[in-house]
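Spelled out, the chains give:
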Amino acid sequence: MLEALIFDVDGTLAETEDLHRQAFNGAFARLGLPWHWEPDTYADLLWVMGGKERLAHYIETRFPDEADRLLARCAEIHGLKTAIYGDLVAAGRLALRPGIRRLIAEARAAGVRLAVATTTSRPNVDRLIAVNFPGGEQPFDAVAAGDEAARKKPAPDVFALALDRLGIGPARAVAFEDSAAGIRSALDAGLPVLATRSRYTDDHSLDGAFSAVSDLGEPGRPHRHIAGRTWPDGVVTLAALRDWHAGRP
Ligand code: XBP
Ligand code: MG
């Protein structure tokens, strides 16, 4: 019985990563650091999950001789970045990806619970939800984010935490992810994964996902099928997810 849907955030709920990139660049500029991450650079850095870990990796690999001094500023830089990101989300009214709002509504109407399992910092999740579900509506029954998990993706910790907060085992849920690290994390937590490729994961292997598509699709706007399970009319609906889940071995 399918009891819950567990969503990754960045690249899955919304195409957020370029706003993260702009927020990092805004923090660098505000602090007088001569760094600027172009999209190609950021795509490479995104193989390191976690903004603080990504920044530390950049410093250690690009400025090894100044690493001690610069690493001591990571928390300050990342804190400013998170503040700038929140303002960008609020101002830009970042839209949810195709099919996300529809599937969330279908799940809630059917009593299927919803959770988030993300590497991003908790304030970023709260801002994205507040902008897209105004009036204090909270569609998610459980949120597991950022440093709440002992280890970042691809470790399974954050999906395990989401399952724990839902109080269910992985056999009763499906995970939605956009990145290789996220797919690995969900699989190692025992979850089946539906992958929706995002702009910054164009070169990621989506192997391991039972279905890989461009997005969840909307009636009349079918997704592009990439691999694995196909979906009637190119739209991932709760009914079709339940059919698949009921037919699993
Ligand atoms: C994506 C990440 C995050 C964001 C930046 O998380 O790796 O680190 O890129 O957010 P997910 P922070 O795909 O699991 O949602 O700077 O707050 O880490
Ligand atoms: Mg992601």
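For the structure itself, look to the data block above.
The rules behind these values
The residue count restarts for each chain, going from 1 along the sequence in the order it is written. Each chain is given a letter, starting from A, and each ligand a number, starting from 1, according to the order in which they appear as written. Local features are withheld for residues below a pLDDT of 70 in this predicted model, meaning they are given only at 70 or higher, and side-chain atom pairs are given and counted only at 80 or more; totals for whole chains, interfaces and linings count all residues. With hydrogens and water set aside, each side-chain value is computed from the structure's full complement of heavy atoms. Neighbouring residues are identified by heavy atoms, a residue being near a molecule or strand if any of them is within 4 Å of it. Polar contacts here mean pairs of N or O atoms no more than 3.5 Å apart (in protein, one a potential hydrogen donor and the other a potential acceptor; neighbouring residues in sequence count only if both atoms are side-chain atoms). A 1.4 Å probe and the Shrake-Rupley method give the accessible areas. Residues count as covered only by the protein chains that appear here. Every case where a carboxyl oxygen of Asp or Glu lies within 4 Å of a side-chain nitrogen of Lys or Arg is listed as a salt bridge. Partly exposed describes any residue whose relative accessible area lies between the buried limit of under 20% and the exposed limit of over 50%, with all areas from a 1.4 Å probe on protein chains only and scaled to the type maximum. In this description a helix means any DSSP run of H or I spanning at least four residues, a strand means any run of E spanning at least two, and both kinds are numbered starting from the N terminus. Read the arc as the range of directions from the helix axis to the C-beta atoms. In this analysis, two residues are considered to be in contact whenever any of their non-hydrogen atoms come within 4.5 Å of each other. Every axis corresponds to a line fitted to the C-alpha atoms, with the helix fit spanning only the stretch in contact, and the corresponding angles, defined between N-to-C directions, vary from 0 to 180 degrees. Each angle receives one of four descriptions, namely roughly parallel if under 35 degrees, roughly antiparallel if over 145, roughly perpendicular if within 65 to 115, and oblique otherwise. Rotating anticlockwise by less than a right angle from the far helix to the near helix defines a left-handed crossing, while the corresponding clockwise rotation defines a right-handed one. In the scheme used here, Gly and all other residues not listed as nonpolar or charged are polar, with Ala, Val, Leu, Ile, Met, Phe, Trp, Tyr, Cys and Pro taken as nonpolar and Asp, Glu, Lys and Arg as charged. Note: metal donors comprise N, O and S atoms at 2.8 Å or less from the metal (3.2 Å for Na, K and Ca); water molecules are not included, so apparent gaps in a site are possible. At least two bridges found by DSSP between two strands are what make those strands a pair.

Novice: Explain the site of ligand 1 residue by residue, including any values.
Specialist: Around ligand 1, a shell composed of 19 residues is seen, among which Gly51, His78, Lys81, Thr118 and Ser121 lie nearest. One of the side-chain nitrogen or oxygen atoms of His78 is found 2.7 Å away from an oxygen atom of ligand 1. The separation between an oxygen atom of ligand 1 and a polar side-chain atom of Lys153 is 2.8 Å. Taken by itself ligand 1 offers 440 Å² of open surface, and the protein chains cover 98% of this.

Novice: Can you tell me about the pattern of salt bridges, naming the residues and giving the values?
Specialist: For the coordinates displayed, the defined rule picks out 18 salt bridges. When the shortest N-O distance is used, the salt bridge between Lys152 and Asp147 registers 2.8 Å.

Novice: Describe helix α7 (residues 122-132), with residues and values.
Specialist: Among the residues of α7, Asn124, Val125, Leu128, Ile129, Val131 and Asn132 are the ones counted as buried. Down the axis of α7, the sector holding all buried residues measures 165 degrees, keeping them to one side. Packing partners of the buried residues in α7 comprise α1 (17-30), α5 (74-92), α6 (100-110), β2 (113-118) and β3 (142-145).

Novice: Describe the packing of helix α3 (residues 51-62) against α5, naming the residues involved and giving the relevant values.
Specialist: Where α3 meets α5, the axes come as close as 10 Å, and the angle between the chain directions of the two elements is 130 degrees. By the angle between their directions, the pair α3 and α5 is classed as oblique. Of the two elements, α3 crosses α5, and the hand of that crossing is right-handed. Across the interface between the two elements, Gly51, Lys52, Leu55, Ala56 and Ile59 from α3 touch Cys74, Ile77 and His78 from α5. Classifying every residue of the contact of α3 with α5 gives five nonpolar, two polar and one charged.

Novice: Kindly report on the coordination of the magnesium ion (ligand 2), identifying the contributing residues and their values.
Specialist: Distances from the magnesium ion (ligand 2) to its protein donors, Asp8 (OD), Asp10 (O) and Asp178 (OD), fall within 2.1 to 2.3 Å. As a motif over one chain, the donors of the magnesium ion (ligand 2) read D-x1-D-x167-D.

Novice: Before we move on, can you summarise unusual backbone geometry with the specific residues and values?
Specialist: Residue Pro154 is bonded to the preceding Lys153 through a cis peptide linkage, with omega at 15 degrees. With respect to the helices and strands, Pro154 occurs in the loop between β3 and α8 (157-166). The backbone of Asp233 sits at a positive phi, close to 60 degrees, despite the residue not being glycine. Checked against the element boundaries, Asp233 lands in the loop between β7 (225-228) and α10 (238-246). Taking the relative accessible area as the measure of exposure, Asp233 reaches 72% and is therefore exposed.

Novice: Residue-level account of the sheet that holds strand β4 (residues 173-177), with values.
Specialist: The strand order across the open sheet built from seven strands is β3-β2-β1-β4-β5-β6-β7, with neighbouring strands paired in mixed fashion. The strands lining the two open edges of the sheet, one partner per strand, are β3 and β7. Going from strand to strand, the sheet's axes swing by 15 degrees on average, the running direction of each strand aside. With three bridges joining them, β4 and strand β5 (residues 193-196) adopt parallel strand pairing. Looking at the pairing, Glu177 lines up with Ala195 of β5. Sitting on the sheet, α6 is in contact with β1 (4-7), β2 and β4, with an inclination near 150 degrees to β1.

In short, shape yes, function no, at least from these values alone.
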